[in-house]
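A structural walkthrough
The residues making up each chain are set out below.
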Amino acid sequence: MTNYDRMKLTKAGYTLLRVRIEELKIVQMTGNSSWSTYGKYANKAALNREIERINNNEPKMIFE
């Protein structure tokens, strides 16, 4: 996905997310093309539960 694609999606109201497994956190893209922490988790199981919850319940959030 290019930065142009990311900007189009954020303007359309979507939240772009990335998973950082080694840091046990999810980051989100802010409006100025930088990334900020969405959530930090105590273990990989908690991270995976949050990823599953987002995929099932948040249609306007996309994992890149």
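Scroll up to find the structure.
Before going into details, it helps to say that this report is about the structure given with it.

Calculation notes
Residues numbered from 1 in each chain as written. Predicted model: local features only at pLDDT ≥ 70, side-chain atom pairs only at ≥ 80, totals over all residues. Heavy atoms only, no water. Helix = DSSP H or I, 4+ residues; strand = E, 2+ residues; numbered from the N terminus. Buried < 20%, exposed > 50% of the residue type's maximum accessible area, 1.4 Å probe, protein only. Polar contact = N/O pair within 3.5 Å; in protein donor to acceptor, adjacent residues only side chain to side chain. Phe/Tyr/Trp six-rings, centres within 6.5 Å; stacked < 30°, edge-to-face > 60°. Lys NZ or Arg CZ within 6 Å of the ring centre and 35° of its normal. Pairing = 2+ DSSP bridges. Contact = heavy atoms within 4.5 Å.

**Here's the deal with the environment of Asn-43**
Relative to the helices and strands, Asn-43 resides in the loop between strand E3 (35-40) and helix H2 (44-57). For Asn-43, a relative accessible area of 38% gives the class partly exposed. Residues Asn-43 and Ile-21, spaced 22 residues apart in sequence, show a C-alpha to C-alpha distance of 9.7 Å. Here Ala-45 takes part through its backbone nitrogen, which lies 3.3 Å from a polar atom of the side chain of Asn-43. Only 2.8 Å separates the side chain of Asn-43 from the backbone nitrogen of Ala-46, close enough to count as a polar contact.

**Focus: unusual backbone geometry**
You will see that Leu-24, though not glycine, has its phi angle at about 55°, which is positive. Looking at the secondary structure, you find Leu-24 in the loop between strand E1 (15-20) and strand E2 (25-29).

**Looking at the packing of aromatic side chains**
All told, the structure shown has 0 aromatic pairs when counted by the stated rule. The ring of Tyr-14 has Lys-60 lying over it, and the distance from NZ or CZ to the ring centre is 4.4 Å.

**Some details on the pairing of E2**
Every other side chain in a regular strand lies on the same face of the sheet, so the side chains alternate between the two faces. Along E2, 4 of the 5 residues are buried, which leaves the element largely enclosed by surrounding structure. One ladder, built from 4 bridges, connects E1 with E2; its direction is antiparallel. Across the sheet, the residue bridging to Val-19 is Ile-26, located in E2. Count of turn residues in the E1/E2 antiparallel hairpin: 4 residues, of which Leu-24 carries a positive phi of about 55°. With 5 bridges connecting them, E2 and E3 associate as antiparallel partners. In the sheet register, Met-29 faces E3, and the bridge partner there is Trp-35. The antiparallel pairing of E2 with E3 creates a hairpin that spans 5 residues between the two strands, and Ser-33 there sits at a positive phi of about 65°.

**So, the side chain of Glu-50**
Its location among the elements puts Glu-50 in helix H2. When its relative accessible area of 15% is taken as the criterion, Glu-50 is described as buried. Setting aside anything within four residues of it in sequence, one finds Glu-50 in contact with Ile-26, Tyr-38 and Tyr-41.

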